[in-house]
Amino acid sequence: MFRRLKTSQLVVDVTLAVVFFLIAWPVETALVQTGAFGLEYLLGPAGQVLVGGVIAALFSCALAVRRLSPLLALGLAWVGALVQMGLGRPPSFSDVAIFGVLFATAAYGSRAAYWAGFASALVGALVITVYLFAGPSFAGGGLTWQTLPLALMTLVAAAFALGLSWTIGALVRSAIRTRETRAAQQRAEAETAAEQERVRIARDMHDVVAHSLAVVIAQADGARYAAASDPSVATEALATISTTARSALADVRLLLGQLRHRQGDGPQPTIADLEELYAQVRAAGVPLRVDVDPVPPGEPPAAVQLAVYRILQEALTNALRHGATGGAVDVGLAWLPDRVELSVRNPAAPPPPGARPGHGLIGMRERAQLAGGRLDAAAEGGDFVVRAAIPIGGPA
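So, here is what we can say about the structure in this document.

Criteria and cut-off values
Residues numbered from 1 in each chain as written. Predicted model: local features only at pLDDT ≥ 70, side-chain atom pairs only at ≥ 80, totals over all residues. Heavy atoms only, no water. Core = buried A, V, L, I, M, F, W, Y, C linked by side-chain atoms within 4.5 Å. Buried < 20%, exposed > 50% of the residue type's maximum accessible area, 1.4 Å probe, protein only. Helix = DSSP H or I, 4+ residues; strand = E, 2+ residues; numbered from the N terminus. Contact = heavy atoms within 4.5 Å. Arc of directions from axis to C-beta. 1 Å grid on protein atoms, 1.4 Å probe; cavity = no way out; pocket = protein on both sides within 12 Å on 5 of 7 lines; lining within 4 Å. Points joined across faces, edges and corners; volume = space filled by probe spheres on them. Nonpolar A, V, L, I, M, F, W, Y, C, P; charged D, E, K, R; others polar. Pairing = 2+ DSSP bridges. Axes fitted to C-alpha atoms, helices over the stretch in contact; angles between N-to-C directions. Phe/Tyr/Trp six-rings, centres within 6.5 Å; stacked < 30°, edge-to-face > 60°.

Moving on, we get to the nonpolar core. Counting residues in each nonpolar core, the largest one holds 33 residues, and the members touching the most others are Y278, V308, I311, L312, L316, L333 and V340. Among the elements that line this core, the one with the most residues is helix α9 (residues 302-322), at 10 residues. Those residues in contact with V340, other than ones at most four positions away along the chain, are V304, V308, L333, A334, W335, A388, A389, I390 and I392. Within the second largest apolar cluster, 11 residues are counted, among which are A73, L74, A158 and L162.

If you want it as structure tokens, here you go:
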């Protein structure tokens, strides 16, 4: 029944109501009009002041709570109007508050208050007309065939004035709803973009860390076995571990910087960095054969280059971690006019008992799909093969 308002809104509404009361009370007191039962006359001057204060207070209170509780404000306005008519008083300055109340019921009220305001606008116009022409004789002199046209004009004018206040409130209500819907849509879009950014960064983090750790583990194992027979091999392995770890640390710092600052994505790997990736895999002791035919006709789009690099990085990491020991890995790249096709083939090792699929294949497939392509990964004749096709759309 009561809406939540800011403190500033409550202060404004109460201040407006107090100012309205200070103006309406003297105006109501000055209307010395004896009602049908002569109540004001019987009360004397003090009674006139009291009655004027009560009427002004009712409408002022309705004005004060019109946004806090539109339905309560409408009820107070009706009570004030009935008191006026019960005393046989003519319309006065206090009735101006009715327009503000009707506006508030349409703009801020609940569904019940909304339609109650609409009904009050119509019923109020009819009540005003009947009261003026069938009640006291200060307006139309009674309802007759001669005053009927004037009564109809009064009815239309009252309905128009009250209905206009309600209609303006309804328009404001629609504007508020539209603004709230737009704000909710913007929040949803921002949350979606943030979620996509988190997924992208998580995918990059997985690619960087998984590949680098796989190389580091392979080099460490090789150095441990070769240290006794050939210390120089251990030294080379340690150098490779250091280089790989430094590169991974730089990539992780870049990703953490993107988490802190969202102004830009920062530099991303391109196909020019593939040779370094191949060197890391070969340094881990994996025989790697690379076939690029045909070569890129120009400079492919950055998104395509990033997708190719990350897919190859993850596929080679999977071959390094899960492939058969000592088996050669074949990489094929075909830069066609409208797409690039890549494949990675390595001997498949039997999975350990209880092994569960990781996020690598999911990440590769997502990268291909984000670039508008597709990716398939499956076992073929003792080998595990990853194939992807990514549209180019013309050189950048």
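Our next topic: helix α8 (residues 274-283). Along an α-helix, residues three or four positions apart point the same way, because every turn accommodates 3.6 residues. Those residues of α8 lying buried are L274, L277, Y278, Q280 and V281. Along α8, the residues classed as buried sweep out an arc of 160° about the axis, all on the same side. G285, located one to two residues past α8, shows a positive phi value of around 90°.

With that settled, consider the layout of surface pockets. When its volume is computed, the second largest pocket comes out at roughly 480 Å³. Along the walls of the second largest pocket sit 24 residues, with A81, D95, I98, G124 and I128 positioned nearest its centre. Grouping the constituent residues of the lining of the second largest pocket by class yields 18 nonpolar, four polar and two charged.

Strand order in the open sheet formed by five strands is β1-β2-β3-β5-β4, with mixed pairing between adjacent strands. Both edges of this open sheet fall to β1 (288-292) and β4 (374-380), since each of them pairs with a single strand only. With direction set aside, neighbouring strand axes in the sheet form an average angle of 10°. Where strand β3 (residues 339-347) lies against strand β5 (residues 383-391), nine bridges are found, and the strand directions are antiparallel. When the bridges of β5 are listed, R345 appears paired with V385. Lying on the sheet, α8 is in contact with β1 and β2 (329-335); it crosses β1 at an angle near 160°. Strands β1, β2, β3, β4 and β5 of the sheet are contacted by α9, whose axis makes an angle of about 5° with β3.

It is worth spelling out the packing of aromatic side chains at this point. Evaluated as defined, the whole model comprises eight aromatic pairs. When the ring of F20 is compared with that of F93, the centres are 5.0 Å apart and the planes differ by 25°; the resulting orientation is stacked. Residue F20 is located in helix α1 (residues 7-30), and its partner F93 is located in the loop between α3 (70-86) and α4 (97-108); the two are separated by 73 residues in the primary sequence. Taking relative accessible area as the criterion, F93 reaches 30% and is therefore assigned partly exposed. Centre to centre, the rings of F118 and W166 are 4.9 Å apart; their planes meet at 55°, and the pair counts as tilted. Taken together, the residues F118 in helix α5 (residues 111-134) and W166 in helix α6 (residues 148-226) connect sequence positions 48 residues apart. Taking the relative accessible area as the measure of exposure, F118 reaches 35% and is therefore partly exposed. A residue is classified by how much of its surface remains accessible, and W166, at 9% relative accessible area, is buried. Each residue in the set Y114, W115, F118 and W166 is aromatic and connected to the rest through ring pairs, giving one cluster.

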